[in-house]
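Here's the letter readout for the chains.
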Amino acid sequence: MNKFAAVTIATLMLMAVFVSAASAATSVNTVEVRSPVYSGNTITTALPVSFDYKEFAGFYYDIDNDVGSESIYIDGAHVANPRTIQENGLVYTTTIQNVGYEFEGWVANNKYPKMGFLAQEYVPVNGQPDVLSKLLLDTKDKHTMRVGQSLDLGEGYTLTPKQIDVDGKKVWLELSKDGTYLDDEVISVDGNTIDGSTWNYEEDDVGGEDDVIIMRAHVKEVFQGQVDSLAVIEGLWLISNEPLKIESDDKFGSLEVKTIGVNSLELKNKDTITLTKNKNIALAGDIKIKTADDNDVRFYFYKEITEPGTYKVRGTVADGSSSWDYASFAGFYYDLDSNIASEEMDVTITGTRSIQDGDLVYTTTMQNVRYEFDGWVANNRYPKMGFLAQEYVPVNGQPDVLSKLLLDSKDKYTMRVGQSLDLGEGYTLTPKQIDVDGKKVWLELSKDGTYLDDEVISVDGTTIDNSTWNYEEDDVGGEDDVIIMRAHVKEVFQGQVDSLAVIEGLWLISNEPLKIESDDKFDTLEVKTIGVNSLELKNKDTITLTKNKDVKVAGNMFFKVADSNTLRYYPYAEYTIGETGPSTPDEEVPPGEEVPPGEEKPPVTPPGEEKPPVTPPGEEKPPTETPDEKPKTPGFEAIFAVAGLLAVAYLVRRD
């Protein structure tokens, strides 16, 4: 290969690296898994509020074995009024279930106890419901390991093949935790059954229990080669040796342990629970109650997930033809405050597992919802619509032009002149100047560093709507006069040191909408009808609900089908929690609290996040973790690098 070809290939490879590095997956900030929605009339009737694992996706459920564990009900006899649940009125129960290991080869001991507890999964130690250990590993994956190579099992546990015998029939395994030796075992695979070639590692005094199997590891094969000695592990199961020990009268949030049964637990509320409107009420563990910002009593239970990762929000379980809406599928859009929903899906099963052409009907209808900032009176609502388990804003009320809602906030942001607020998707809002009388502010909106528009906003004697900047764009998905951003200026301040603008009320949508046309296809679904305020999609071809499969429907919607000869399935939406959303300026100072020159400016709390706790005087501040530095997205420097390489290639060729 000549020099020119080599340099050219290197250049193209470098360009490919830059392109791939610039891509990123779509993600969300939080995932909320909700129960059915209930009203004040419901909880005061003789038939109490009641739901279990089939209706609330936050509870543990095994679709393959069709077993679940947890349930909640409200006893109407203990409800004083629609907003007051008296002591012992809310009852939580959970029951041990026996489930199969992921590795099905263990025959002599092919099941183990499992139990949900406050929306988390546990293993009852030796079948005791009051000694609950975390399940760290349950897998049938195959791991081929060299002698001396350690396999990280989680929570500090490692498994290492130390030696393999010269005949290649036995392996000496060692288990450690946090680098400390725990135990070892020689496992033979010659003529043994699967259970015989499994190491069951036990410990004593695990939450007061002895002879507790902590780990199961099956050795499928060993290999003694001329170069490598290998052990093949297929079948691993591991629990924590530091369980949760539960006793009568123990309290978990608002709940207290009332009964420890042979295979169950029952908890009730110790004190009165008041369903105050517009509240997020912590119940116990990961379970909370959300109430509507409305005089009518309306609420649901939910589990909020914030840890990075990919999560499945499922609907209720079906065994044949079925229907789902916001009440039975938490992935569908629902506005609790306004009590409005958007999406529905009907499925007709033909035979045992087939959804014939046109028998899956998905509909979504546009709704008008209130802004988070309720000060906008003249224009206090905007259209919103769920589409394939994602939330959108129909541009100018058109259901076939759907824009992502980037920001809808009533939070307050105090900004210095020249300080930019990152609104998301490249948009930034900057107060450029404040007039000498402190009554007007000159705002500028940019996207990706490019100027878009500016406006002078007055707060002197004007209404909230008049002190709001409605920024519009044309040709947004073919629509003109589209309001992209609404920003309300609450106050301006002209101090001796700082000039400040207080923004309270922000709303922003993307100017790059999804344009939908008749016959457009979204995976298995095809657009059949575009109505005045709705869309209807149906499956174009037959969908087969094959057992033990995840069948994609459209977008981030799937069907999960049980590994069972009997049809059992549910819909779910898949969401990835990552680092997304708007960021705030790097400083914030309330009016009248200027920072003297030379002093450090306080940090700003990002939108939607709680402010960090204040350290009392005389106490040490808690240590903070420094996040890993994010890789920078290649920009113009990438172009210059590529140009430089091309120049080198040209010189090599000329020489």
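Attention in this report is confined to the structure presented alongside it.

So, how was this worked out
- Residues numbered from 1 in each chain as written.
- Predicted model: local features only at pLDDT ≥ 70, side-chain atom pairs only at ≥ 80, totals over all residues.
- Heavy atoms only, no water.
- Helix = DSSP H or I, 4+ residues; strand = E, 2+ residues; numbered from the N terminus.
- Buried < 20%, exposed > 50% of the residue type's maximum accessible area, 1.4 Å probe, protein only.
- Contact = heavy atoms within 4.5 Å.
- Pairing = 2+ DSSP bridges.
- Phe/Tyr/Trp six-rings, centres within 6.5 Å; stacked < 30°, edge-to-face > 60°.
- Lys NZ or Arg CZ within 6 Å of the ring centre and 35° of its normal.

Comments concerning the overall build of the chain
Part 1 of the argument: Along the chain, the regular secondary structure elements total three helices and 54 strands.
Part 2 of the argument: A burial count over the chain gives 43% of its 655 residues as buried.
Part 3 of the argument: Residue pairs in contact within the chain that sit at least 24 positions apart in sequence constitute 54% of those at least 6 positions apart.

Some points on the pairing of strand 6 (residues 70-74)
Part 1 of the argument: Burial along strand 6 is one-sided: the residues Glu 70, Ile 72 and Ile 74 are buried and none of Ser 71 and Tyr 73 is.
Part 2 of the argument: Bridge analysis of strand 3 (residues 50-52) against strand 6 gives three bridges, and the strand direction is antiparallel. Within the sheet, the bridge partner assigned to Asp 52 lies in strand 6 and is Ser 71.
Part 3 of the argument: In the sheet, strand 6 pairs with strand 9 (residues 90-95) via five bridges, with the strands oriented antiparallel. Opposite Tyr 73, over in strand 9, you have Val 91 as the bridge partner.

A short note on the environment of Ile 239
Part 1 of the argument: Counting through the fold element by element, Ile 239 comes out in strand 20 (residues 229-239).
Part 2 of the argument: With relative accessibility at 1%, the residue Ile 239 sits in the buried group.

Concerning the packing of aromatic side chains
Part 1 of the argument: Scanning all chains against the criterion turns up 35 aromatic pairs.
Part 2 of the argument: Taking the centre distance of 6.4 Å and the plane angle of 70° together, the rings of Phe 387 and Tyr 392 count as edge-to-face. The same class applies to Phe 387 and to Tyr 392, which are both buried.
Part 3 of the argument: Through successive ring pairs, a cluster of aromatic residues spans Tyr 38, Phe 51, Phe 56, Phe 59, Tyr 92, Phe 117, Tyr 122, Phe 252, Phe 299 and Phe 301.
Part 4 of the argument: Arg 216 extends its terminal NZ or CZ atom over the ring of Trp 106, reaching a point 4.4 Å from the ring centre.
Part 5 of the argument: Between Arg 486 and the ring centre of Trp 376, over which it is positioned, the NZ or CZ distance is 4.4 Å.

Re the pairing of strand 15 (residues 157-164)
Part 1 of the argument: Sheet topology places strand 14 (residues 151-154) next to strand 15; three bridges connect them, and they run antiparallel. Among the inter-strand pairings, Leu 151 is bridged to a residue of strand 15, identified as Leu 159.
Part 2 of the argument: Counted along the chain from strand 14 to the antiparallel partner strand 15, the turn is two residues long, and its residue Glu 155 has a positive phi close to 50°.
Part 3 of the argument: Relative to strand 16 (residues 170-177), strand 15 runs antiparallel, the two being bridged by seven bridges. Residue pairing for strand 16: Ile 164 is matched across the bridge by Val 171.
Part 4 of the argument: Linking strand 15 back to strand 16 in an antiparallel pair, the connection comprises five residues, with Gly 168 at a positive phi of about 65°.

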